[in-house]
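Observations on chain architecture
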Amino acid sequence: MTDKTYQDRLRNIAKAQGNGEPPRQTVDGDDGEASCEAFGYLRGIRDHATSVEFRFRDGNSMFFPYGLMGMWQYNPSEGLLLKFAGDLVYVVLIRGSNLDKPLKEGSINLTHAGLQRHRVLWVKEMTKEEIRRVGETGPTIDSIDIAGFESNDALREWLSKKASSFHPGPI
């Protein structure tokens, strides 16, 4: 495990952007973790994370245990909708492009080989520069919206405003 904070990672990204270095996939030494610009994941096919972190451009993060993750939906034109049920029902709406595209090594993507198998450690909102740099070569995350709901009606209303093609399912 590394002892770097999210702010340290942001500073490193800013340094890389400043000197014109091309984006690169990073692989941490012994801990079996790797990442692309959009998300970090466990490399081992049988490895599972206990939670997923959603990182916002402002430096804030929210963590959700995979044990609370229920149904999720992927719609290439709308994005990815994840549902976590605990004291409240939380939905996470991830918008971006190429969300199901495999990374260069071909063994992982954000959707089926990542979130479905509980291998994704974090998902991050990318800056416009990061999105431009990745282009069509990999997944990009434009935005992450997270909201909590006490009722199915409130969830339906939020979805009708934010992502009308998704069906919320039962709470």
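Residues numbered from 1 in each chain as written. Predicted model: local features only at pLDDT ≥ 70, side-chain atom pairs only at ≥ 80, totals over all residues. Heavy atoms only, no water.

**Overview of the overall build of the chain**
For the chain, the helix and strand inventory stands at 4 helices and 10 strands. Reading the chain from its N terminus to its C terminus gives the helix and strand order α-β-β-β-β-β-β-β-β-α-β-α-β-α. With 171 residues in all, the chain has 41% of them scored as buried. Here the analysis covers contacts within the chain between residues at least 6 apart in sequence; of these, 59% occur between residues at least 24 apart. Carbon and sulfur atoms provide 50% of the accessible area of the chain, an area that totals close to 9,200 Å². (Helix = DSSP H or I, 4+ residues; strand = E, 2+ residues; numbered from the N terminus. Buried < 20%, exposed > 50% of the residue type's maximum accessible area, 1.4 Å probe, protein only. Contact = heavy atoms within 4.5 Å. Areas by Shrake-Rupley, 256 points an atom, 1.4 Å probe, with all protein chains shown as cover.)

**Things to note about the pattern of salt bridges**
With the rule as written, the count across this model stands at 8 salt bridges. Among the salt bridges present, the one from Arg133 reaches Glu129, with a minimum N-O distance of 3.9 Å. In this pair, Arg133 and Glu129 both sit in helix H3 (residues 128–134), 4 residues apart, roughly one turn of the helix. Within the structure, one salt-bridge network assembled from shared partners comprises Glu37, Glu129, Arg132 and Arg133. (Salt bridge = Lys/Arg side-chain N within 4 Å of Asp/Glu carboxyl O.)

**Some points on the sheet that holds strand S8 (residues 89–97)**
Think of a sheet as strands paired side by side through backbone hydrogen bonds, with each pair either parallel or antiparallel. What the 4 strands build is an open sheet, ordered S6-S7-S8-S10; its pairing is antiparallel. Here the strands that pair on one side only, and so sit at the sheet edges, are strand S6 (69–75) and strand S10 (140–149). Mean inter-strand twist for the sheet, computed between neighbouring axes without regard to direction, equals 15°. Across the sheet, helix H4 (residues 152–162) touches strand S7 (79–85), S8 and S10, and the angle it forms with S10 is around 155°. (Pairing = 2+ DSSP bridges. Axes fitted to C-alpha atoms, helices over the stretch in contact; angles between N-to-C directions.)

**Things to note about unusual backbone geometry**
Residue Asn98 is not a glycine yet carries a positive backbone phi of 55°. Judged by relative accessible area, Asn98 falls into the partly exposed class, the value being 21%. Although it is not a glycine, His118 sits at a positive phi angle of roughly 60°. Here His118 lies in the loop between helix H2 (111–115) and strand S9 (120–124). Here His118 falls in the partly exposed class, since its relative accessible area comes to 25%.

**Comments concerning the nonpolar core**
Within the largest apolar cluster, 32 residues are counted, with the highest numbers of intra-cluster contacts made by Phe39, Phe54, Ile94 and Val123. Mapped by element, the contributors of at least two residues to this core are strand S3 (39–42), strand S4 (51–55), S7, S8, H2, S9 and S10. Those residues in contact with Val123, other than ones at most four positions away along the chain, are Ala38, Phe39, Val52, Glu53, Phe54, Arg55, Ile94, Leu110, Ile141 and Ile144. (Core = buried A, V, L, I, M, F, W, Y, C linked by side-chain atoms within 4.5 Å.)

**Points about the confidence of the model for the chain**
The predicted coordinates ought not to be read in detail in places where the model reports low pLDDT. Confidence in the prediction of the chain, expressed as mean pLDDT, is 84, and 79% of residues score 70 or more. Looking across the chain, the model is least confident in strand S1 (residues 26–27), with a mean pLDDT of 48, and most confident in S4, with 98. Low confidence marks residues 19–30, where pLDDT is under 50. Its contacts with residues over four positions away, or in another chain, come to 18 contacts. (pLDDT = per-residue confidence, 0-100.)

**Some thoughts on the pairing of S6**
Bridge count for S6 against S7 is 5 bridges, and the pairing is antiparallel. Paired with Tyr74 across the two strands is Leu80, which belongs to S7. In sequence, S6 turns back onto S7 through a hairpin of 3 residues.

**Quick notes on the side chain of Lys124**
Of note, Lys124 is situated in strand S9. Of the polar contacts made by the side chain of Lys124, one reaches the side chain of Glu130; its length is 2.8 Å. (Polar contact = N/O pair within 3.5 Å; in protein donor to acceptor, adjacent residues only side chain to side chain.)

**With respect to the packing of aromatic side chains**
A complete count under the given rule lists 6 aromatic pairs for this structure. Relative to Phe84, the ring of Phe54 lies with its centre 6.4 Å away and its plane at 75°, an arrangement referred to as edge-to-face. Taken together, the residues Phe54 in strand S4 and Phe84 in strand S7 connect sequence positions 30 residues apart. Assigned by exposure class, Phe54 and Phe84 land together as buried. One aromatic cluster is present, formed by Phe54, Phe64, Phe84 and Tyr90 through successive ring pairs. (Phe/Tyr/Trp six-rings, centres within 6.5 Å; stacked < 30°, edge-to-face > 60°.)

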